[in-house]
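Coordinate analysis (summary)
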Amino acid sequence: MLNKIGKITPGAPGPEAGAPPGQFVTEKFPVLTEGSIPDFNIKDWAFTINGLVDKQVVVDYETFISIGIKTVQSEFHCVTQWSKLQNIWEGVLFKDVMKLVSIASNAKYAMVHCFGDYSINLSLDVLMDDDVLFAVKHDGEDITLEHGAPLRLVVPKRYGWKSAKWVNGIELMDENRPGFWESRGYHMEGDPWKEERFVI
Ligand SMILES: Nc1nc2c(c(=O)[nH]1)N[C@H]1C(S)=C(S)[C@@H](COP(=O)(O)O)O[C@H]1N2
Ligand SMILES: [Mo]
């Protein structure tokens, strides 16, 4: 079950407020986690890239960060209908992380894995966008544990469930295998502007 997200300040829903259809604008940044924060040991933190790559790569936190920190300003739209329009994220771009490996020509999709059993699937095309990053900071502050520290994915052009928290790896795939929510009825794409919420 999803945690309570607190009281949403209802703004004008939809495009008038600059939000996608069916969304309400909030200034808050609610926490939305399925279950509890996963059990992981920060001392063992490692990020793995595997699947359809020339060879598996495992990097520690320092190496990951040294890839280079970029800043992205973007919107955040949760499928439970809150949108937070202004967010400044700092982190490592997904496309920069991919420079660590040589991607097989049949790799078209990725599963982003997390500590715990959460995961999300998207096409590589979407993930290679200039605004997709593994964030370490939000609005100038270190990401808190409940928001996914030490590292969380941010995919601004998709609903929030695709912005996986506590990430620990990328698996490259030739087929679009569903992730945690996608195998429970959530849309494979999740574009908020097309209202791709659930598959009935
Ligand atoms: N590992 C993990 N990542 C997750 C979730 C989760 O339950 N577990 N919830 C998702 C959902 S539904 C949303 S809307 C966003 C919310 O991010 P926030 O809690 O930082 O606001 O995280 C996403 N990432
Ligand atoms: Mo969400």
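Residues numbered from 1 in each chain as written. Chains lettered and ligands numbered in written order. Predicted model: local features only at pLDDT ≥ 70, side-chain atom pairs only at ≥ 80, totals over all residues. Heavy atoms only, no water.

1. A short note on the environment of Gly140
What counts is decided by this rule: Put simply, DSSP H or I for four residues or longer makes a helix, DSSP E for two residues or longer makes a strand, and each gets a number counted from the N terminus. Under the scheme applied here, a residue whose accessible area is under 20% of the maximum for its type counts as buried, over 50% as exposed, and between as partly exposed, the area being computed with a 1.4 Å probe on protein chains only.
Relative to the elements of secondary structure, Gly140 occurs in the loop between strand E8 (133–138) and strand E9 (141–142). For Gly140, a relative accessible area of 44% gives the class partly exposed.

2. Re the packing of aromatic side chains
As a reminder of what qualifies: Two aromatic rings, drawn from Phe, Tyr or Trp (for Trp, its six-membered ring), form a pair once their centres lie within 6.5 Å of each other, and the interplanar angle then sorts them: stacked below 30 degrees, edge-to-face above 60, tilted otherwise. A ring is considered to have a charge above it if a Lys NZ or an Arg CZ atom is located within 6 Å of its centre and within 35 degrees of its normal.
Evaluated as defined, the whole model comprises 19 aromatic pairs. Note on Phe94 and Phe134: the rings are 5.8 Å apart at their centroids and 25° apart in plane angle, and the pair reads as stacked. With Phe94 in helix H2 (residues 94–97) and Phe134 in strand E8, the pair connects residues that are 40 residues apart, well separated along the chain. Taken individually, Phe94 and Phe134 each receive the classification buried, so the pair is uniform in this respect. Plain terms: the ring middles of Tyr159 and Trp161 are 5.8 Å apart, the flat faces sit at 15° to each other, and that makes the pair stacked. For the pair Tyr159 and Trp161, one class covers both residues: buried. Grouped by ring-pair contacts, the aromatic residues Tyr118, Tyr159, Trp161, Phe180, Trp181, Tyr186 and Phe198 constitute a single cluster. When the ring centre of Phe180 is taken as origin, the NZ or CZ atom of Arg184, which lies over that ring, is 3.8 Å away.

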